[in-house]
Amino acid sequence: MVASARILPLELTGVVARAFGKQLLGPVDLTIGATGLTVVMGPNGAGKTTLLRVMHGLRRISAGTVVWSVDEAVARRKQAFVFQSPIMMRRRVIDSIAFPLILHGVDKRSAKQQAKDWAIRVGLGHVLHDWAPMISGGEKQKLAVARALICEPEILFLDEPCANLDGRSTREIETVLKQAELAGIRIIMATHNLGQARRLASDVIFVHGGKILETTPADTFFDTPRTPQAKAFIQGDIVE
Amino acid sequence: MDSISSGLLDAFALILTLDSDLVEIVLLSLRVTVTAVAIAALIGLPFGAWLVVNRFRFRRYTISVLNALMGLPPVVVGLFVYLMLSRSGPFGVLGLLFTPTAMIIAQVIIVMPLIASIAHQTIRDLWAEYHDLLISLNASRAQRIKVLLWDGRRALITAVLAGFGRAIGEVGAIMIVGGNIDHSTRVLTTSIALETSKGNFAFAMGLGIILITLAIAVNLAIHSISRTERASTW
Amino acid sequence: MKRPPKYWRAAIVALFIATNAQAAEIKVAVTTSFYNSGLSDILLPVIRDDLDLDVQLIVVGTGQALRLGRAGDVDAILVHSRKAEDAFLAGDFGTHRREIMYNDFVFIGPSADPATLSEATSASDAMQRIKTTESSFASRGDDSGTHKKELSLWGAAGVSEEDLSTGWYHAVGAGMGATLNVASGMDAYVLSDRASWLNFGNKGGLALLYAGDPTLFNQYAYIPVNPLRHSHVKKELALALEEWLVGPKAEDLISNYRINGELLFTFNAVRN
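Counting restarts for each chain: residues are numbered from 1 in the order of the written sequence. Going through the entries in the order they are written, you letter the chains from A and number the ligands from 1. Under the rules for a predicted model, residues below a pLDDT of 70 receive no local features and side-chain atom pairs below 80 are neither given nor counted, while totals for whole chains, interfaces and linings still include all residues.

Draft legend 1. Structural detail: the overall build of chain C. We count a stretch as a helix when DSSP gives it H or I for four or more residues in a row; a strand needs E for two or more, and each element gets its number in order from the N terminus. Scanning chain C from N- to C-terminus turns up 12 helices and 12 strands. It is over C-alpha atoms that the radius of gyration is taken, and the globule rule equals 2.2 Å times the number of residues to the power 0.38. In terms of overall size, chain C behaves like a compact globule, its C-alpha atoms giving a radius of gyration of 19 Å where 272 residues would be expected to give roughly 19 Å. Considered along the principal axes of its C-alpha atoms, chain C spans approximately 60 × 40 × 30 Å. Here exposure depends only on C-beta density: within 10 Å of a residue's C-beta, 20 or more other C-beta atoms make it buried, 12 or fewer make it exposed, and intermediate numbers make it partly exposed, the C-beta atoms being placed from the backbone. Evaluated residue by residue, chain C yields a buried proportion of 50% over its 272 residues. Here, residues touch in the contact sense if the C-beta positions derived from the backbone fall within 7 Å of one another. The long-range share in chain C, meaning contacts at least 24 apart out of those at least 6 apart in sequence, stands at 78%.

Draft legend 2. Structural view of the overall build of chain B. For chain B, the helix and strand inventory stands at 10 helices and zero strands. Walking chain B from its N terminus toward its C terminus, one meets helices and strands in the order α-α-α-α-α-α-α-α-α-α. Projected onto its principal axes, the C-alpha positions of chain B cover 65 × 50 × 30 Å. The burial tally for chain B puts 45% of its 234 residues in the buried class.

Draft legend 3. The sheet that holds strand 2 (residues 22-32) of chain A, seen in detail. All names here are of chain A. Here the rule is simple: two strands pair whenever DSSP picks up at least two bridges between them. With respect to topology, three strands assemble into an open sheet ordered 2-1-4, the strand pairing being antiparallel. Looking along the sheet, the strands with just one partner apiece sit at the ends: strand 2 and strand 4 (63-67). With strand direction ignored, the average angle separating the axes of adjacent strands in the sheet is 25 degrees. Where strand 1 (residues 10-19) and strand 2 come together, seven bridges link them in antiparallel fashion. Paired with Leu12 across the strands is Leu30, a residue of strand 2. Here the axes come from fitting lines to C-alpha atoms, over the contacting stretch only for helices, and the angles between their N-to-C directions go from 0 to 180 degrees.

Draft legend 4. Spatial organisation of the nonpolar core. Throughout this description, the term nonpolar core refers to a group of buried Ala, Val, Leu, Ile, Met, Phe, Trp, Tyr and Cys residues whose C-beta atoms join them within 7 Å. With 216 residues, the main nonpolar core has Ile97 of chain A together with Ile115 and Val177 of chain B as its most contacted residues. Broken down by element, this core gets its largest block of residues, 19 residues, from helix 5 (residues 100-136) of chain B.

Draft legend 5. Highlighting the domain arrangement of chain C. Residues and elements named next belong to chain C. Where each domain begins and ends follows an automated or database-derived domain assignment. Taken domain by domain, chain C holds domain 1 (7-102 + 217-267) and domain 2 (105-216). Centre-to-centre separation of domain 1 and domain 2, based on C-alpha positions: 28 Å. Each side of the interface is counted separately: domain 1 has 20 residues, and domain 2 has 19 residues. Partitioning the side of domain 1 that touches domain 2 into residue classes produces five nonpolar, 13 polar and two charged. Three categories are distinguished: nonpolar for Ala, Val, Leu, Ile, Met, Phe, Trp, Tyr, Cys and Pro, charged for Asp, Glu, Lys and Arg, and polar for the others, with Gly belonging to the last.

Draft legend 6. Examining the interface of chain C and chain B more closely. In this assembly, 20 residues from chain C lie in contact with 15 residues from chain B. Of the residues assigned to the side of chain C that touches chain B, the class counts are seven nonpolar, 11 polar and two charged.

Draft legend 7. Main features of the interface of chain A and chain B. Tallying the contact residues gives 15 residues for chain A and 14 residues for chain B. Along the lines of polarity and charge, the residues of the side of chain A that touches chain B split into nine nonpolar, one polar and five charged.

Draft legend 8. Highlighting helix 5 of chain B. Within helix 5 of chain B, the axis deviates most sharply at Tyr130 of chain B, by approximately 60 degrees. Of the residues one or two after helix 5 of chain B, Asn138 of chain B is the one with positive phi, at around 60 degrees. Two axes enter the definition of the bend at a residue: one is fitted to the seven residues ending there, the other to the seven starting there, and the bend is the angle between them.

Draft legend 9. Fine view of the arrangement of the chains. The structure contains two pairs of chains in contact, of which chains B and C account for the largest number of contacts. No interface is formed between chain A and chain C, the nearest pair of C-alpha atoms being 52 Å apart.

Draft legend 10. Representation of helix 6 (residues 123-133) of chain C within the structure. Residue and element names in this part refer to chain C. The complete set of buried residues in helix 6 reads Ala123, Ala126, Met127, Arg129, Ile130 and Lys131. On its buried face, helix 6 sits against strand 4 (98-110), strand 5 (137-139), helix 7 (145-156), helix 8 (161-164), strand 7 (189-193) and strand 8 (206-210). Just downstream of helix 6, Glu134 is the residue with a positive phi angle, here 50 degrees.

Draft legend 11. Focus on the sheet that holds strand 6 (residues 155-159) of chain A. All names here are of chain A. The strand order across the open sheet formed by six strands is 5-6-7-3-8-9, and the pairing between neighbours is mixed. Looking at strand neighbours, the two that pair on one side only are strand 5 (79-82) and strand 9 (211-217), the edges of this open sheet. The mean inter-strand angle of the sheet, taken between neighbouring strand axes irrespective of direction, is 15 degrees. Both strand 5 and strand 6 contribute to a ladder of four bridges, which runs parallel. Bridge pairing links Val82 to Leu158 in strand 6.

Draft legend 12. Here's a closer look at unusual backbone geometry. With an omega of 5 degrees, the peptide bond running from Leu8 of chain A to Pro9 of chain A counts as cis. Its location among the elements puts Pro9 of chain A in the segment before strand 1. Here the phi dihedral of Phe20 of chain A falls at roughly 50 degrees; this positive angle occurs in a residue that is not glycine. By secondary structure assignment, the location of Phe20 of chain A is in the loop between strand 1 and strand 2. Among the residues examined, Phe20 of chain A registers 5 C-beta atoms within 10 Å and is labelled exposed. Non-glycine residue Glu134 of chain C carries a positive phi angle of around 50 degrees. Mapped onto the secondary structure, Glu134 of chain C falls in the loop between helix 6 and strand 5. The class of Glu134 of chain C is partly exposed, set by 14 C-beta atoms lying within 10 Å.

Draft legend 13. A look at the pairing of strand 6 of chain A. All names here are of chain A. Taking burial as the measure, the five residues of strand 6 include five buried ones, the bulk of the element. Direction of pairing for strand 6 relative to strand 7 (residues 186-191): parallel, over a ladder of five bridges. Across the sheet, the residue bridging to Asp159 is Ala190, located in strand 7. For the segment spanning strand 6, helix 6 (residues 167-182) and strand 7, crossover handedness is right-handed. Orienting the strands away from the viewer, one traces the path from the first strand over the helix to the second; a clockwise path indicates a right-handed crossover.

Draft legend 14. View of the environment of Ala65 of chain C. Considering the arrangement of structural elements, one finds Ala65 of chain C in helix 4 (residues 62-71). Excluding residues within four positions of it along the chain, Ala65 of chain C makes contact with Ala29, Val30, Thr31, Val60, Ile77 and Val79 of chain C.

Draft legend 15. Structural context of the packing of helix 3 (residues 59-69) of chain B against helix 5 of chain B. Residue and element names in this part refer to chain B. Where helix 3 contacts helix 5, the axes come no closer than 8 Å and their chain directions differ by 130 degrees. The angle between the axes of helix 3 and helix 5 places the two elements in the oblique class. Seen along the crossing, helix 3 lies across helix 5 with a hand that is left-handed. Seen from helix 3, the contacting residues are Ile63, Leu66, Asn67 and Leu69; seen from helix 5, they are Pro113, Ala116, Ser117 and His120. Split by residue class, the contact of helix 3 with helix 5 holds five nonpolar, three polar and no charged. Orientation is classified from the angle alone, with under 35 degrees giving roughly parallel, over 145 giving roughly antiparallel, 65 to 115 giving roughly perpendicular, and any other angle giving oblique. If you view the pair so one helix is near and one far, a crossing is left-handed when the near helix is turned anticlockwise from the far one by less than a right angle, and right-handed when it is turned clockwise.

Draft legend 16. A look at the environment of Gly91 of chain C. Mapped onto the fold, Gly91 of chain C is located in the loop between helix 5 (82-90) and strand 4. Once the C-alpha coordinates of Gly91 of chain C and Arg70 of chain C are considered, the two residues, 21 residues apart in sequence, prove to be 9.0 Å apart.

Draft legend 17. Highlighting the packing of helix 5 of chain B against helix 7 (residues 153-168) of chain B. Residues and elements named next belong to chain B. Packing of helix 5 against helix 7 brings their axes to within 9 Å, and their N-to-C directions diverge by 155 degrees. With respect to helix 7, the axis of helix 5 lies roughly antiparallel. The chirality of how helix 5 crosses helix 7 is right-handed. Of the residues in helix 7, those touching helix 5 at Gln107, Ile110, Val111, Leu114, Ile115, Ile118, Ala119 and Thr122 are Ala155, Leu156, Ala159, Val160, Ala162, Gly163, Arg166 and Ala167. Of the residues contributing to the contact of helix 5 with helix 7, the split by class is 12 nonpolar, three polar and one charged.

What follows is the structure, encoded as structure tokens:
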């Protein structure tokens with residue numbers, strides 16, 4: 001399923017991210033291994049989004065390094081990102097999903113056929129020719145996931161993808177993500193939803209105050225969290 | 001008020017009889033303006049988009065200058081083009097003065113900043129929406145421009161039509177570089193100017209009504225064409 | 001003053017043009033006063049038939065016509081401002097001037113005639129009456145032949161430039177038609193060439209109040225642009241046109257040209 005030149009592991013060393021004088025993240029040292037579904041957890045404002053964007057290259061860092069196992073130009077093409085608020089292009093659903101393929105030179109007919117398959121796979125078969133900005137929130141996010149997966153990335157970042165969705169849409173998307181994980185795609189997902197984390201995570205990165213406080217396998221994290229902040233968070237307390 | 005009503009009658013008479021001079025003038029007006037707007041759009045639309053996605057040192061100044069050029073007085077442009085194309089000027093050997101080509105050149109200069117500026121402003125908003133996605137997908141600069149231009153085409157059509165409106169009603173520049181020569185470079189606006197100066201107000205008004213009708217017809221045609229391509233109420 | 005070429009040479013040229021399949025074309029800058037007379041509408045089709053020549057008229061003020069001639073953007077000019085023509089020739093921008101015809105300037109003004117121009121005895125008298133009553137006066141103000149004529153008449157009437165910079169004198173800065181429009185709108189006096197006045201469509205409350213003084217005569221002259229300055233000008237065609245303009249058919253058409261029954265031009269070209 002995945003190409004031979006693996007872009008992982010990814011190494012973050014001494015990474016610091018700033019904006020408007022404030023330090024959002026760091027310093028952070030982190031290794032992202034080749035397998036699994038990692039959930040990045042933490043209270044709002046902890047720096048989860050910043051961490052994801054730094055890893056994907058959407059945010060510049062003020063210090064430290066972000067190093068993939070291959071040349072950065074190669075690594076850029078093997079990643080995908082699903083945003084918290086799905087970015088819808090002013091096109092039909094099928095054209096939106098096909099867009100990344102066409103962007104990378106795949107011929108239109110083949111791209112549209114693959115887009116159709118993916119749309120059906122995520123449950124968008126009935127809105128194939130609808131105008132993307134007009135479909136429901138859940139459908140939009142499913143479109144975003146399909147659009148992200150259609151290029152067969154090696155790593156998929158998701159920033160709180162189900163934050164604004166109902167239960168049914170959440171379940172449908174989680175199903176797709178689990179299938180993707182089985183297919184060998186590395187998944188890094190930010191969420192503050194404990195239930196979702198328990199359902200999906202193979203390991204957890206706990207972020208608080210711009211720093212990574214814990215990186216542990218999932219069971220360990222939920223059963224025996226080490227830090228008091230993680231403990232409080234799991235218990236459902238407000239963590240500042 | 002009298003001039004307007006007799007002007008309407010004159011206009012109807014000309015249209016009904018398909019007066020050959022009128023047809024010639026109208027066709028030349030359209031030829032000059034449509035050509036100028038097409039060229040200006042071909043340059044201005046991508047340029048406007050390029051200014052959005054490209055970060056360079058003097059970008060802010062360039063955008064300010066572009067916006068300012070929208071207010072270029074057409075007669076000044078006409079004078080400039082005349083000096084360029086005059087036999088005593090740098091491009092005199094081309095022999096373009098007093099031809100429709102000179103008129104097209106002048107109108108391209110007038111209309112291009114307008115189209116580019118409007119395009120820039122509308123595409124800037126679209127870029128704010130698409131920014132993260134296009135960067136995440138590694139779209140090249142050229143690809144970004146292409147996507148923004150295509151997805152933003154509704155608003156860009158408005159920009160082009162604004163350019164058309166400016167050009168079809170322009171008279172100062174094309175009077176100087178075209179010379180308003182009968183059967184050669186005479187168009188609707190210069191005819192109106194001529195008839196007005198002769199004191200033939202009614203007739204000039206009639207031509208004015210024809211000009212306005214023409215502009216409305218073109219706008220309606222463009223809007224109806226673009227509507228059939230859309231799937232929803234965008 | 002150089003001698004104009006013989007008629008026979010131009011006749012051969014005309015024959016040469018006539019035998020060509022496609023009509024040749026020539027650009028001539030003429031003044032708005034000339035164009036507004038409507039005479040060109042009569043002459044141009046006949047020229048096309050006789051000489052197979054498409055005369056493209058660029059209608060501008062005298063000043064602009066002279067500039068176009070200087071720049072070589074036209075092949076010949078037809079203007080009516082002796083001083084400016086002499087300066088043009090002195091600068092070697094034209095080869096020679098050929099007088100074709102003349103018409104006259106007339107004083108136009110509101111029919112109520114507050115300056116009692118209808119009782120004027122001369123052009124100078126008319127101008128003095130306007131000045132002393134400080135009646136509204138619209139001037140071309142555009143350095144045209146008409147404008148220069150007007151200024152020379154003010155001078156001859158003893159009115160200085162300072163006198164003209166007071167509120168009753170309005171320099172429009174436009175062609176004859178536009179200036180007449182302003183005069184009509186303001187109920188002002190204006191000096192116009194007779195042809196433009198007769199053809200003017202928006203007379204309103206204006207009327208012709210004084211004419212006839214010989215100083216008001218307005219001579220039109222044709223000047224081919226100097227090919228030594230601008231090698232691309234169509235010198236044979238310009239000469240052919242000149243010969244036609246002083247020829248018998250032109251004389252007939254010009255001498256019999258009327259507006260509302262009134263004769264406009266007096267043909268005074270000298271043929272060889």
